[in-house]
Amino acid sequence: MAAQAAEGAVVTAFRSVLRRVHQAAERSGRPYERVRVVAVSKTKPISLIRQLYDAGHRCFGENYVQEFIEKAPQLPEDIEWHFIGHLQSNKAKVLLAAVPNLDMVEGVDNEKIANHLDRAVANIGRKPLRVLVQVNTSGEASKSGVDPSGCIELARHVKLECPNLEFSGLMTIGMADYSSTPENFRTLLNCRTQVCKALGITEQLCELSMGMSGDFEQAIEKGSTNVRIGSTIFGPREYPKKDK
Ligand SMILES: *Cc1c(COP(=O)(O)O)cnc(C)c1O
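A quick note: this is a predicted structure, and the numbers were derived from the prediction, not measured.

Calculation rules
Residues numbered from 1 in each chain as written. Predicted model: local features only at pLDDT ≥ 70, side-chain atom pairs only at ≥ 80, totals over all residues. Near = placed C-beta within 6 Å. Helix = DSSP H or I, 4+ residues; strand = E, 2+ residues; numbered from the N terminus. Nonpolar A, V, L, I, M, F, W, Y, C, P; charged D, E, K, R; others polar. Axes fitted to C-alpha atoms, helices over the stretch in contact; angles between N-to-C directions. Parallel < 35°, antiparallel > 145°, perpendicular 65-115°, else oblique. Left-handed = near helix turned anticlockwise from the far one by under 90°. Contact = placed C-beta atoms within 7 Å.

K.L.:
Looking at this structure, I do not really get the site of the ligand. What am I missing?
P.N.:
In the region of the ligand, 13 residues are neighbours, and Gly85, Ser213, Arg228, Gly230 and Ser231 sit closest. Of all the elements in the fold, those that place two or more residues in the shell around the ligand are strand 8 (226-229) and helix 9 (231-234). Tallied by class, the residues present in the shell around the ligand amount to five nonpolar, six polar and two charged.

K.L.:
Hey, could you run me through the packing of helix 6 (residues 151-161) against helix 7 (residues 181-199) in this one?
P.N.:
Helix-helix packing is described using two parameters, namely the angle between the two axes and the distance between the axes. Between helix 6 and helix 7, whose axes approach to 9 Å, the crossing angle comes to 50 degrees. The orientation of helix 6 relative to helix 7 falls into the category oblique. In this structure, the crossing between helix 6 and helix 7 has a hand that is right-handed. Along its contact with helix 6, which presents Cys151, Ile152, Ala155, Arg156 and Lys159, the element helix 7 presents Cys191, Gln194, Val195, Ala198 and Leu199. Across the contact of helix 6 with helix 7, the residue classes break down as seven nonpolar, one polar and two charged.

Written as structure tokens, this is what we have:
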């Protein structure tokens, strides 16, 4: 009974998130189809992911490699998986091998990991992998991501030196307490302007992944094309067994 209630709650929470996403997209003057919702399912069981899948959602995000490669093969192949956050370069190969339906890596923050992913894609012979360059917009040493001053160089490396990767845009996490959210978003927007100018691409072709449970509406209003939402959909990660 409790488990069933929790599962129903996830779909309800998801629908509420979607409504808020649609409203925020409208406020930003864009159709809601231009904003992708990545349901961040890390630490959550297969059964809950299934519930959202059965409700029609297809895009999910994970960020622990070991957990990811155990869960993904147990779920339908038409899920569009995103790896979010920092990836260790020595995990690129195992990740690509275990998750053939990996749609995007949100979190390339150095050339080494880009090169490892590029090689892993080539070895497997799958279609090019979409990647976002992760930018550390909050300046915290503990956060991964390239410094904003290095985003052009890394984006250029991905675009020009990694034929099996598709440079798709920029991603940021920001501060855990959301205290510097507007500045972080502004910094990522500035990075996009610079990257697009330097690489000669239109902003339409450079996604912005910003916005999580606590700030996704603000992020969409500022132009985010990809929000990564975990706890607002699935409940707090510390208490996975509780109903609320
Ligand atoms: C866990 C995680 C999220 C989701 O965080 P919530 O606050 O639960 O929505 C988003 N992005 C990254 C990189 C994460 O690791």
